Amino acid sequence: MSHKNKTLALSLILSALAASLQPTALAQVGAEDSTGNIEAIIINGNQRIEDRTVMSYLLVEPGSPFDANRIDLSLKSLFATGLFADANFDRVGNQLIITLVENPIVNRVMIEGSKSLGEEKIREEIQISPRGVFTAARVQADVQRVMELYRQSGRFAAKVTPEYVPLDQNRVDVVFSITEGPVSGVRAINFLGNETYSDDRLRSEIVTRQSRWWQFFSSNDNYDPGRLEYDRELLRQFYQNKGYYDFRVESAVAELTPDQKDFYITYTIDEGEIYRFGEINVETELEKLNTDALKASLVARSGDLFRGDTIENSIDGLTYVAGIGGYAFIDVRPEISADLETHTVNVTFHVNEGPRVYINRINIVGNTQTLDRVIRRELRVTEGDAFNRILLDRSRNRARALGYFKDVEVTEVPTADPDQIDVNVKVTEQPTGEMSFSAGFSSSESFLVDVSVAQRNVLGRGQSASARLSTSSLQQIVDLQYTEPRFLDRDMSAGVSAFATRLDYSDTDLGGYTTESVGVSGQLGFPLSDRLQLGLKYTLQNDKIDVVDQSIVIASDSGERLTTEYTVDDNDTPGDTSDDVVGVAFLTADDVPLPDGSLIVDVCDARYLNRYSLCSSERSEISSIVGYNLLLDMKNDPIDPTGGFDLLFGQDVAGLGGDVNFIRTNASMNIYQGITKGITASLRLSGGYIEPYGTSDAESEYGQTTPQGVRINNRFFKGGNSFRGFDTAGLGPRIVQIIQNDDGTETVKRLNALGGNAFYQSSLDISMPNYLPEEYGIKTGLFLEAGAVGLLSDIDKSDPVEFTDTFGRDAVQLIEDDLSLRASTGLSVYWTSPFGPIRFDFSHILKSEEYDRTESFRFSTSTRF
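Residues numbered from 1 in each chain as written. Predicted model: local features only at pLDDT ≥ 70, side-chain atom pairs only at ≥ 80, totals over all residues. Heavy atoms only, no water.

1. Comments concerning the overall build of the protein chain
At step 1: Helix and strand counts for the protein chain stand at eleven helices and 41 strands.
At step 2: Considering the protein chain as a whole, with its 865 residues, one finds that 41% of them fall into the buried category.
At step 3: Nonlocal contacts in the protein chain, meaning residues at least 24 apart in sequence, comprise 60% of its contacts between residues at least 6 apart.
At step 4: When the accessible area of the protein chain is evaluated, it comes to approximately 45,200 Å², of which 52% is carbon and sulfur surface. (Helix = DSSP H or I, 4+ residues; strand = E, 2+ residues; numbered from the N terminus. Buried < 20%, exposed > 50% of the residue type's maximum accessible area, 1.4 Å probe, protein only. Contact = heavy atoms within 4.5 Å. Areas by Shrake-Rupley, 256 points an atom, 1.4 Å probe, with all protein chains shown as cover.)

2. Some details on the pattern of salt bridges
Two side chains that carry opposite charge are able to pair once their charged atoms sit near each other.
At step 1: Going through the model one piece at a time under the given rule, you end up with 32 salt bridges.
At step 2: Where Arg 236 meets Glu 233, a salt bridge forms, and the shortest distance between an N and an O atom there is 2.5 Å. A residue pair is termed a helical-turn pair when its members lie 3 or 4 positions apart in one helix, as Arg 236 and Glu 233 do in helix α7 (residues 225-240) at three residues.
At step 3: Given the relative accessible area of 30%, Arg 236 is considered partly exposed.
At step 4: The class of Glu 233 is partly exposed, set by a relative accessible area of 30%.
At step 5: Across the pair Asp 491 and Arg 486 runs a salt bridge, and its minimum N-O distance is 3.6 Å.
At step 6: Asp 491 sits in the partly exposed class, given a relative accessible area of 38%.
At step 7: One salt-bridge network, in which partners are shared between bridges, spans Glu 378, Arg 398, Arg 486 and Asp 491. (Salt bridge = Lys/Arg side-chain N within 4 Å of Asp/Glu carboxyl O.)

3. What about the pairing of strand β6 (residues 171-179)?
At step 1: With seven bridges connecting them, strand β4 (residues 105-112) and β6 associate as parallel partners. Within the sheet, the bridge partner assigned to Val 109 lies in β6 and is Val 174.
At step 2: In the sheet, strand β5 (residues 159-167) pairs with β6 via nine bridges, with the strands oriented antiparallel. Bridge pairing in β6 links Lys 159 to Thr 179.
At step 3: As consecutive antiparallel partners, β5 and β6 are separated by three residues, and within that stretch Gln 169 has a phi angle of approximately 60°, a positive value. (Pairing = 2+ DSSP bridges.)

4. A closer look at the side chain of Ser 763
At step 1: Here Ser 763 is to be found in strand β35 (residues 758-768).
At step 2: Reaching out from Ser 763, the side chain makes a polar contact with the side chain of Glu 785 at a distance of 2.5 Å.
At step 3: With residues near it in sequence (within four places) discarded, Ser 763 still touches Ser 682, Leu 683, Arg 684, Arg 724, Leu 784 and Glu 785. (Polar contact = N/O pair within 3.5 Å; in protein donor to acceptor, adjacent residues only side chain to side chain.)

5. Comments concerning a nonpolar patch on the surface
At step 1: Side chains of Val 520, Tyr 538, Leu 540, Ile 622, Val 626 and Leu 656 sit close together on the surface and give an oily, nonpolar patch of about 500 Å² of accessible area.
At step 2: Mapped by element, the contributors of at least two residues to the nonpolar patch are β22 (532-547) and β27 (620-633).
At step 3: Along the chain, Ile 622 turns up in strand β27. (Patch = residues over 30% accessible without salt bridge, like charges linked within 9 Å, V, L, I, M, F, W, Y side chains within 5 Å.)

6. Quick notes on unusual backbone geometry
At step 1: Backbone geometry places Asn 170, a non-glycine residue, at a positive phi of 55°.
At step 2: Looking at the element boundaries, Asn 170 is found in the loop between β5 and β6.
At step 3: Notably, Leu 459 is not glycine yet its phi reads approximately 55°, a positive angle.
At step 4: Relative to the assigned elements, Leu 459 resides in the loop between β17 (446-458) and β18 (463-472).
At step 5: The exposure class assigned to Leu 459 is exposed, which follows from its relative accessible area of 69%.

7. Brief notes about helix α11 (residues 389-401)
At step 1: Taking 1.5 Å of rise per residue, 13 residues should cover 18 Å, and α11 covers 18 Å from first to last C-alpha, within 8% of that figure.
At step 2: Buried within α11 we find Leu 392, Ser 395, Arg 398, Ala 399 and Arg 400.
At step 3: Of the surrounding secondary structure, the elements contacted by the buried residues of α11 are β14 (405-414) and β15 (420-429).
At step 4: Gly 403 lies just past α11 and shows a positive phi near 80°. (Expected span 1.5 Å × (residues − 1).)

8. Some remarks on the side chain of Glu 429
At step 1: The topology assignment puts Glu 429 in strand β15.
At step 2: Among the polar contacts made by the side chain of Glu 429, one reaches the main-chain amide nitrogen of Gln 369 at a distance of 3.0 Å.
At step 3: Among all residues touching Glu 429, those that are not within four sequence positions of it are Gly 366, Asn 367, Thr 368, Gln 369, Thr 370, Tyr 404, Phe 405 and Lys 406.

9. Notes on the sheet that holds β5
At step 1: Here we have three strands laid out as an open sheet, ordered β4-β6-β5, and mixed in their pairing. This sheet does not close on itself; its edge strands, each paired only once, are β4 and β5. Adjacent strand axes in the sheet meet at a mean angle of 20°, parallel and antiparallel pairs treated alike. (Axes fitted to C-alpha atoms, helices over the stretch in contact; angles between N-to-C directions.)

10. Some points on the environment of Gln 673
At step 1: Relative to the helices and strands, Gln 673 is located in strand β29 (residues 662-676).
At step 2: Measuring from C-alpha to C-alpha, the distance between Gln 673 and Gly 643 comes to 4.5 Å, with 30 residues separating the pair along the chain.
At step 3: Not counting residues within four places of it along the chain, the set of residues in contact with Gln 673 comprises Thr 642, Gly 643, Thr 680 and Ala 681.

11. A closer look at the packing of aromatic side chains
At step 1: This model, assessed by the stated rule, comprises 16 aromatic pairs.
At step 2: Between Tyr 197 and Tyr 239, the ring centres sit 5.6 Å apart and the planes meet at 80°, which makes this aromatic pair edge-to-face. Here Tyr 197, found in the loop between β7 (185-192) and α6 (199-205), pairs with Tyr 239, found in helix α7; they are 42 residues apart in sequence, far enough to count as distant. Of the two residues, Tyr 197 and Tyr 239, both sit in the buried class.
At step 3: When the ring of Tyr 239 is compared with that of Phe 247, the centres are 4.2 Å apart and the planes differ by 5°; the resulting orientation is stacked. Comparing Tyr 239 with Phe 247 shows no difference in burial state: the two are buried.
At step 4: Taken together, the aromatic side chains of Tyr 197, Phe 238, Tyr 239, Tyr 244 and Phe 247 make up a single cluster linked through ring pairs. (Phe/Tyr/Trp six-rings, centres within 6.5 Å; stacked < 30°, edge-to-face > 60°.)

12. Some remarks on the environment of Ala 729
At step 1: Following the sequence through the fold, Ala 729 ends up in the loop between β32 (705-707) and β33 (734-740).
At step 2: Look at Ala 729 and you get buried, because its relative accessible area is 6%.
At step 3: Here the alpha-carbon distance between Ala 729 and Lys 718, two residues eleven residues apart in the chain, equals 5.3 Å.

13. Details of the sheet that holds β33
At step 1: Read across the sheet, four strands follow the order β34-β33-β38-β37 without closing on themselves; strand pairing throughout is antiparallel. The sheet is open, and its two borders are formed by β34 (746-753) and β37 (801-804), each paired with just one other strand. Sheet twist, expressed as the mean angle between neighbouring strand axes with direction ignored, is 25°.
At step 2: Two strands pair when backbone bridges link them, and β33 and β34 are joined in this way by six bridges, in the antiparallel orientation. Bridge pairing in β34 places Ile 738 opposite Val 748.

14. Re the confidence of the model for the protein chain
At step 1: Confidence in the prediction of the protein chain, expressed as mean pLDDT, is 80, and 83% of residues score 70 or more.
At step 2: For the stretch residues 439-445, pLDDT sits under 50, and the model shows 22 contacts to residues farther than four places along the chain or on other chains.
At step 3: Counted against residues more than four places away or in other chains, residues 696-704, with its pLDDT under 50, gives 26 contacts. (pLDDT = per-residue confidence, 0-100.)

Structure follows, in structure tokens:
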């Protein structure tokens with residue numbers, strides 16, 4: 001600070017102190033001569049503040065007596081406004097002369113040296129602002145606020161120095177000069193008195209972390225005194241949930257290290273003894289409630305290990321049962337008594353009707369982008385309704401399920417009226433728009449490029465729109481979507497989409513065909529209840545399937561594929577033909593001359609006796625599909641469920657117009673269960689079946705007509721990301737060649753994957769802690785997959801074809817369709833990388849068929865919409 005600035009600061013502070021002493025001196029002087037009345041009040045020194053404004057703060061006026069007490073109070077009233085740096089009251093005759101020195105006006109507030117916190121965060125905290133009144137006290141209070149911010153971030157050596165730069169017209173610039181200093185970390189966290197649980201285990205239960213070099217993304221290893229109190233509560237909850245009813249944290253001490261850079265934190269605890277639940281009773285005077293029924297709803301059971309959260313869960317259960325019984329206003333009070341001799345905790349739940357409370361106002365705060373009505377329409381309560389905590393919890397979950405907010409907090413605020421409360425819904429917005437370009441490599445699709453633009457909350461109105469262009473070696477996708485969640489201002493969603501896809505499965509291991517689809521669809525969805533949703537959908541699309549071309553030579557009369565013999569001389573006995581090798585090979589179009597009566601045709605030509613069954617799907621058709629689905633959602637949390645389930649059942653009917661007729665049914669169920677902290681199990685059961693109907697015939701490009709089965713693009717395929725451990729389309733019906741080797745063994749050659757008309761599958765995933773810092777964004781889990789695909793209809797199968805291969809071995813080509821169980825297990829690693837989410841799957845096959853295509857490792861990327 002310059003000498004001039006220091007002088008200004010000192011003079012301002014001294015003048016403020018002098019002014020604070022002035023009223024007493026004036027009162028004493030005034031007491032010597034308080035006779036007479038005030039004829040006039042003359043105000044001097046005010047520049048911005050009008051005389052009448054000054055007069056409004058006085059307790060005297062012309063005509064009032066010279067009352068020393070009232071003049072003293074008037075002086076204090078002027079200083080209380082914060083507008084004046086100094087004020088003097090003098091009596092000249094019967095006139096009261098008031099001489100004022102106005103506080104300066106703040107011209108600018110500048111912040112220098114703030115690097116770690118950022119200028120914006122500091123400006124949010126300080127009270128002084130441009131065009132406001134400057135006072136030294138207000139600036140000093142802001143200095144303390146900024147210092148507290150730095151202490152919370154672990155910088156206890158930070159210094160904040162205020163500087164004042166005087167300007168003309170009684171203005172000042174205020175400069176906060178900051179020296180941040182180093183971060184004060186936590187070098188060690190120690191526990192005294194713990195016998196049952198180790199220091200490492202207790203450290204994992206609190207928020208504060210020991211400083212380590214790899215924790216550069218985290219601030220929990222910075223020393224924060226406020227966090228210590230929170231950690232004490234976490235320790236208490238941990239021990240009480242392990243049965244230690246009388247656990248206490250006797251002290252939490254933080255000491256600076258000798259080098260003055262970090263802190264040692266030491267918790268002294270008394271674990272106490274393990275307690276169990278003793279007698280558990282429920283008492284109520286409400287006539288409609290049955291005590292036995294209430295007691296049956298309790299989570300706590302006599303003899304169980306005492307857990308603090310069990311009591312809270314029991315209160316929630318009693319509240320829910322009472323609500324079903326017609327009591328919306330319930331007061332559940334647990335009476336807890338511990339028996340120190342038997343180490344048991346007796347609990348009596350007193351259930352009575354609480355005071356009737358109604359919702360006065362619902363305030364939505366924090367929604368800087370999302371409109372109020374978008375949030376309010378998700379709430380299950382409105383202003384004027386009876387207060388109901390269960391409905392408020394559902395409202396919070398529905399708002400979180402929108403996906404627009406990082407957090408949703410619902411709190412109740414008392415009002416002046418005891419039977420009314422205000423409900424505050426505080427939301428924290430998160431980005432809902434995404435514009436991304438990504439390129440990567442997948443083990444199944446080689447190089448891939450994905451460009452997408454999506455907005456899940458268009459203009460804060462809740463609509464979603466997206467456009468996606470994706471290309472890889474296997475697929476090209478263009479997809480446009482738009483959804484209105486409240487169509488026609490009703491509780492009904494509506495959406496439209498347009499798409500174009502091309503799937504290249506020309507590799508015979510994948511399918512030996514390509515598909516091109518172009519279509520549009522429309523969707524409607526509406527709730528049947530809070531937990532049950534109905535969705536309707538219509539899709540109109542054109543599908544074209546091309547089987548990979550393959551020219552063969554057949555007999556024009558029989559349609560059989562022609563072969564030719566060839567001889568390989570044995571070089572060991574030149575000229576001796578007795579031991580020469582004679583082979584049989586299929587004729588090709590390159591063999592010249594071809595025998596009489598032969599034709600060169602494609603494998604899908606109708607004249608070929610044993611043409612592939614896949615060829616019946618080779619055509620362009622229009623599909624008109626009407627479908628519905630029912631979703632029952634009983635999860636306890638829409639984002640990270642640890643309990644409950646959801647059930648989805650849907651059917652699609654093709655044939656209301658178009659060329660394709662089928663009925664396709666899908667069902668799935670997800671069950672969630674939290675096991676311990678950080679470990680959650682989820683089980684997915686799913687199945688599907690598609691059945692053609694009608695007698696419609698379709699004509700292929702080769703002129704033949706065949707009864708319609710299920711086209712390959714409408715069948716079920718599993719593998720890759722949909723069935724870990726198996727390659728894309730790696731399990732299920734497939735065209736194979738079984739070759740008899742000379743040594744009596746068989747060789748199985750995998751050809752086209754055909755998909756199936758039915759599938760069943762179960763997937764068990766268990767999230768596992770990996771003890772890596774959360775800021776790394778790495779999550780791990782174990783998985784178990786089991787299921788099968790198959791059950792082709794007879795019309796989609798072809799008869800076995802026997803032939804002799806080029807080495808003279810007997811072989812047969814047939815369709816394997818075995819709906820037998822396949823299973824795999826392994827480890828999945830999910831990494832939220834700077835380049836986008838990446839998933840690694842390490843698999844081990846437990847059961848498969850010989851003709852299946854398996855894999856032990858896969859990695860893939862995904863784009864979030």
